[in-house]
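Residue-level structure breakdown
The lines below spell out each chain.
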Amino acid sequence: MASTDKHEIKMINGTVLLMKKTPLDLGSSQVLAPHENYEILGHKVILQLVSSVHGDQGKTLKGKLGNPSHLRDENKSGSESKFCVTLEWDHEVLGAPGAFIIKNLNTSEFYLKSLTLEASDPSLDTVQFVCNSWVYPAEKYKSDRIFFVNQAWLPSETPAALRVYREEELLTLRGNGTGKLEEWDRVYDYDCYNDLGDPDNGPLYARPVLGGSVEYPYPRRGRTGRPPSKADPNSESRLPQIASFAIYVPRDEKFSPVKMTDVLSNAQKAIAQVFAPQLAALGNLSLNEFNSFEDVLKVYEPGTPGFLKYPTPHVIREEKSAWMSDEEFGRETLAGLNPVCITALKEFPLTSKLDPKTFGDQTSKITREQIQNQLDGMTIEEAMEVNRLFILNYHDIVMPYARKVNTSHSKIYATRTVLFLQKDGTLKPLAIELSLPHPDGDQLGAISKVFTPAENGVEGALWQIAKAFVAINDSGVHQLLSHWLRTHASVEPFVIAANRQLSMLHPVYKLLHPHFRDTMHINALARQAVLNAGGIVEKTVFPGPLSMELTSIAYRDWVFPDQALPAELVKRGVAVEDPSSKHGVRLLIEDYPYAVDGLEIWSAIKSWVNEYISLYYKSDDMLQKDTELQAWWKELREVGHGDKKDEPWWPKMQTRQELIDSVTIIIWMASALHAAVNFGQYPYGGFAPNRPGMSRRLIPEPGTPEYEELKVNPVKGYLKTITPQFQTLIGISALEVLSTHTSDEIYLGQRDSAEWTKDKEALQAFERFGKKLAQIEENISMMNNDKKWKNRTGPVKMPYTLLYPTSEPGLTAKGIPNSISI
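Predicted model, so just to flag it, every value in this text is computed and none were measured. (Residues numbered from 1 in each chain as written. Predicted model: local features only at pLDDT ≥ 70, side-chain atom pairs only at ≥ 80, totals over all residues. Heavy atoms only, no water.)

Re the packing of helix α21 (residues 705–712) against helix α22 (residues 714–721)
Cut-off, in case you're wondering: The angle between two axes is taken between their N-to-C directions and runs from 0 to 180 degrees, where each axis is a line fitted to C-alpha atoms and a helix contributes only its stretch in contact. Runs of E in the DSSP output that reach at least two residues are strands. Runs of H or I that reach at least four are helices, and both are numbered from the N terminus. By the definition adopted for this analysis, an angle is roughly parallel if under 35 degrees, roughly antiparallel if over 145, roughly perpendicular if from 65 to 115, and oblique otherwise. Contact between two residues is taken to exist if any of their heavy atoms lie within 4.5 Å; hydrogens are not considered. As a working rule, the residues Ala, Val, Leu, Ile, Met, Phe, Trp, Tyr, Cys and Pro are called nonpolar, Asp, Glu, Lys and Arg charged, and the rest polar, with Gly in that last group.
Between α21 and α22, whose axes approach to 5 Å, the crossing angle comes to 135°. Taken as axis vectors, α21 and α22 run oblique relative to one another. In this structure, α21 uses Glu709, Leu710, Lys711 and Val712 to contact α22, whose residues at the interface are Pro714, Lys716, Gly717, Tyr718 and Lys720. Each residue belonging to the contact of α21 with α22 can be placed in one class, and the counts come to 4 nonpolar, 1 polar and 4 charged.

Dropping the structure here:
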C-alpha cells in the first residue's frame, strides 16, 4: 500500500470468506457426531495484521502487529460464509501489511478461503491473501495461525519484518518428530512403509517394512505416529477399516468436502462389491465363473437383476470383440493404459539379467524360425538395425516371484512378447514366450513355451490365452510400478520436503503446490484400504501378498533424471536423441500416441517452468544461496528418497538449469504421467477379458480335459483361465473409482484462484502456458480424426485422449489433473 500523511490512522475494510466444517468432511472427528449443528461466530474470530515494513525493537525484529479486530457476520450461503472486518492501521508507523494472524475461539474448525483488504483511501492498493487452509480452535494449536500476503519472495528478499514469521511457520510444519499426530496437526514428517501389514491379525497378514533397508528400499511416506503393533514393534498398528477416512495426513492435505462427497459417491459400488453378501446370489450365474463373453457384457447392461450396474468401458463401446485382435493388442502397448513399458529389441536371442548362479539359464527359447518369416522379407538382424523389432519384456521382474505365486490360488508365467513394426505404423505380435521356473529348482533355469499368431482352432484359442498371460503381467506391472511406484509413491517425498523446507512465500513452493493437491490423502487411503495386506490390490493383481514387495525390488532401478519423458523414451530405445527434432528426440515409432502427445505436454510444462524460474533467479549464484531451496533438495535426497541418497545421478541443484529440469520432472510425474497411466484404467480394464489381473490356472496341456474343452468352447476355456467373477467385480469396481474425475478437479494450466500470485509477469507466463495446452488439445483432436494415424483409435475405435489436458467430471478417459488426486 502507498504511504499516507504522517500518523494518520485510516480504516481498512476486510472481506473474509470461509466454509464451516461439514459432516461430509470425514477427515475429522466430526464424523463421530454427524448431526452436530453449529455456527461460526464472527465475534469469536480475532484477526491482527502484521507489518511487512517495521519490526519491533526487540531482538527478533518481528513485524509490528496492528490492533486485534473481530469478524462481523455479513451473509451466509450454504456452507460458505462471508464476514467483514474493520481494522485500524497507521500506515506511517506500520507500513504495508504483509501477513495476518488469526485466532479461532469457536469450538469448531473452519476453512479459510481468503481475506481481501481495501483501504478507505482509494489511493491505496487492495491487498489479497489467498489462504485455502483449515483453522482449528486456538486451544488445539501450539502456535498462532499466520497467513502471508499473496507475494513470492526468495528467503533473502523477504522483508525483514516477515522473516522470523516465515521461519517459525516452517518450524511448526516440521513438528518435533515424536508422538501421535492428531487431526488438527499440520505436521509434515517422514516414515517408512511399515503400515501395510497387520501382524496383530495373524502371520498371514504380516508384511515386510518397505524403506530404510538395503533389502527393501523405498520412498518415504507421511508419518502418522500411530503406536507400534503388539505382534511386531517394527510395524505400525492399523486403523479399523471403518475408520479409514480418519487416517492422519496434515490437515491441509485432506480432501475438500466437495471432493469427499464425490469420492464417497463413486466408491459406493466398490464398497458394496467387497462387503455385500448378496454377491453369492447373482441370478443363474456361478459366483466363480462367467460362462461366456455375453455373461460379462450383462454386467454393463441395464435391467439385469442381481448386478450393480457399471458404465460400458470405452474399449467395447463401439466394437464388442475388436479387443481380441492382434492389432489392438499391439496398439495398447503404445496407446493403452500402460504405454510406458515397450522397448526396442536389440539382441537375439534374448538374454536375461537375472543372476545365473541363482536362476540358471534364462535365455529366451524364442527361435529364429518362429519369427523370421513374419518380417517382410528381412532377417532379424536387419529388422533390428532399422528399428522395426520391439519387445514387451516382463521376464526378469516376474520370474523371481513365479514359484511363490504359483503355490497360491493365482497362477502366472514370466512373459516375453516380440512385436514387429509394420509399414502402416501398427505393431504386430510375432511370438509370446511363457516361462516357469524349472520344477527341480530355480538354478536349473526356465521351462518355456512359445506361441505364435493363430486365428482358428485350438491354436487360435491358445494364442488368445497366451496374450491374456501377457496382459496379466502387464496389468500387474502397470498397477504396481507404472502407476503406484513411479507416480504416487515417488512423488510423496517431494510433497513432504516442500512443505517442511519451502515457505508458502517461496516462488518454487507457489509453482509446485498445485501439483501436490490431495496426493498425501489418496496415498494414505491407499495404504489403509487398497495396498494393505488382504486389500484390493492383493485380491486382484497377480503377485497377491507379494505385490508391494515387488514394488520395492523395482525401486532399486528408479533413477530420478530418467523420469524426464525424453530421457525415458531414449532409455527404452523407442526414441533417439536428435537436436534437429522438435523436442530434442526423434521417435522410432512415429505413430506412438502416448509419446507424441506426451512430448507436447512435456515441452509446454518445461517452457512454463523455464519462464517462471527465470523471473526469480537471475543467476546460478542466487540459487546456490537460497537457503530454503538448498534445504529442500538436501532433505528430499537424504530423507525423502533416503535409500538412494548416495546415488551419483542426483542433480546437485547448483544451477538454474538443474532446478528447471528437476521441477519439470516433478510436475510431469504428478500431472501428465499419472493421467496417462491412471484414467485409462476403467476405459480399458473395466472389461476384464481385455485386461485380466490374475489367472487361476496355467495354460492347458494337450491330452487334458481342459485342453479338450478348449477345442469345443474356446471362450469358456479363456474365461476359466483368467480372473474369476468375484475378483473381477471387485477389480472393476475399484477401477471405476480410480478412473473418475471429481467435480472439483483442477486441470493442468488451471489454478484454484486467479490471484494465486501477485506477480503479473508470472500470471502472464501462466496464461501463455494455458494457451499452449489449448492448442495441444486441438492438435490431439485433429490427429485422432486423421485416419493416417491408425494407433490413435485402433480396431476398437477408441480415440487416444488420455493426455488431452482438460475434462468434464466423470469417467471421460481424458483430462490431466494438476496432481495425483485419485
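Re the domain arrangement of the chain
We count it as follows: The split of the chain into domains comes from an automatic or database domain assignment. What counts as buried area is the accessible surface, traced by a 1.4 Å probe, that two parts surrender upon association, with contributions from both included. Side-chain atoms alone can form a polar contact between residues adjacent in sequence; in general such a contact is a pair of N or O atoms within 3.5 Å, and within protein one must be able to donate a hydrogen while the other accepts it.
One can read the domain layout of the chain as domain 1 (10–163), domain 2 (180–189 + 240–320 + 482–688 + 723–821) and domain 3 (341–479). Relative to domain 3, the C-alpha centre of domain 2 lies at a distance of 29 Å. Counting residues at the interface gives 23 residues for domain 2 and 23 residues for domain 3. Counting the surface lost from both domain 2 and domain 3, the interface buries some 2,100 Å², and carbon and sulfur atoms represent 64% of this. Applying the counting rule to domain 2 against domain 3 returns 11 residue pairs in polar contact (both at pLDDT 80 or more). Tallying contributions element by element places helix α14 (residues 547–555) first for the side of domain 2 that touches domain 3, with 4 residues. Considered class by class, the residues forming the side of domain 2 that touches domain 3 number 14 nonpolar, 5 polar and 4 charged.

Observations regarding the sheet that holds strand β14 (residues 389–393)
Cut-off, in case you're wondering: Whether two strands pair depends on DSSP finding at least two bridges between them.
Within the open sheet, the 5 strands sit side by side as β13-β14-β15-β16-β17. Their pairing is antiparallel. In the strand order of this sheet, the two ends are held by β13 (343–344) and β17 (446–451), each with one partner. As judged from the 5 bridges shared by β14 and strand β15 (residues 414–421), these two strands associate in the antiparallel manner. If you follow Ile391 over to β15, its bridge partner there is Val418. The strands touched by helix α9 (residues 395–406) are β14, β15, β16 (427–437) and β17; relative to β16, the strand with the most contacts, the crossing angle is about 45°. This element, helix α10 (residues 457–501), spans β14, β15, β16 and β17 of the sheet and lies at about 75° to β16.

Things to note about the nonpolar core
Using the following cut-off: Only buried residues count toward a nonpolar core, which is a set of Ala, Val, Leu, Ile, Met, Phe, Trp, Tyr and Cys residues joined through side-chain atoms within 4.5 Å. Buried means the residue's accessible area, taken with a 1.4 Å probe over protein chains only, is under 20% of the maximum for its type, while exposed means over 50%, and partly exposed covers the values in between.
Core analysis: the biggest nonpolar cluster contains 175 residues, and Val508, Tyr594, Trp632, Leu659 and Trp668 have the highest contact counts within it. With 22 residues, α10 is the single largest residue contributor to this core. In terms of domain composition, this core takes at least three residues from each of domain 2 (180–189 + 240–320 + 482–688 + 723–821) and domain 3 (341–479). Judged by nonpolar contacts, the second largest core, of 37 residues, contains Val45, Leu49, Leu71 and Ile101.

Section: the packing of aromatic side chains
Filter applied, for reference: To pair, rings of Phe, Tyr and Trp, with the six-membered ring standing in for Trp, must have centres within 6.5 Å; the planes then decide the type, stacked if under 30 degrees apart, edge-to-face if over 60, and tilted in the middle. Both a distance and an angle decide whether a charge sits over a ring: NZ of Lys or CZ of Arg must be within 6 Å of the ring centre and within 35 degrees of the ring normal.
One pass over the full model with this rule turns up 34 aromatic pairs. Consider the rings of Trp633 and Trp650, whose centres lie 5.9 Å apart with planes at 85°: the pair is edge-to-face. Note that Trp633 is positioned in helix α18 (residues 627–640) and Trp650 in the loop between α18 and α19 (656–678), a separation of 17 residues in sequence. Look at Trp650 and you get buried, because its relative accessible area is 3%. A network of ring pairs unites the aromatic residues Tyr193, Tyr218, Trp484, Phe494, Tyr555, Trp558, Phe560, Trp632, Trp633, Trp649 and Trp650 as a single cluster. Above the ring of Trp184, the side-chain terminus of Lys140 is found at 4.1 Å from the ring centroid. Geometry around Tyr555 places Lys644 over its ring, the cationic atom sitting 5.1 Å from the centre.

Side note on the pattern of salt bridges
Inclusion rule: When a carboxyl oxygen of Asp or Glu lies within 4 Å of a side-chain nitrogen of Lys or Arg, that pair is called a salt bridge.
Under the counting rule described, the total for this entry stands at 45 salt bridges. Salt-bridge contacts for Glu169 lead to Arg186; the nearest nitrogen and oxygen are separated by 2.6 Å. Highlighted residues: Glu169 in helix α2 (residues 160–174) and Arg186 in the loop between α2 and β11 (190–191), separated in sequence by 17 residues. Salt bridges linked by common partners bring Asp191, Asp195, Arg221, Arg226, Glu236 and Arg527 together as one network.

As for α14
Across the 9 residues that make up α14, a large majority, 8, are buried. Taken as a whole, α14 has its buried residues at Ser547, Met548, Glu549, Leu550, Thr551, Ser552, Ala554 and Tyr555.

Points about the pairing of strand β7 (residues 97–104)
Remark: a regular strand shows side chains that alternate across the two faces of the sheet. Most of β7 sits inside the fold, with 7 of its 8 residues counted as buried. Sheet topology places strand β2 (residues 45–55) next to β7; 7 bridges connect them, and they run antiparallel. Across the sheet, residue Val50 finds its bridge partner in β7, namely Ala99. Sheet analysis places β7 next to strand β10 (residues 145–148), joined by 4 bridges and oriented antiparallel. Looking at β10, one finds that Ile101 is bridged to Ile146.

Things to note about the state of the cysteines
Selection criterion: We call a pair of cysteine sulfur atoms a disulfide whenever their separation is within 2.5 Å.
The full count for this structure, using the stated rule, is 0 disulfides. For the unlinked cysteine Cys84, the closest cysteine sulfur is that of Cys131, found at 15 Å.

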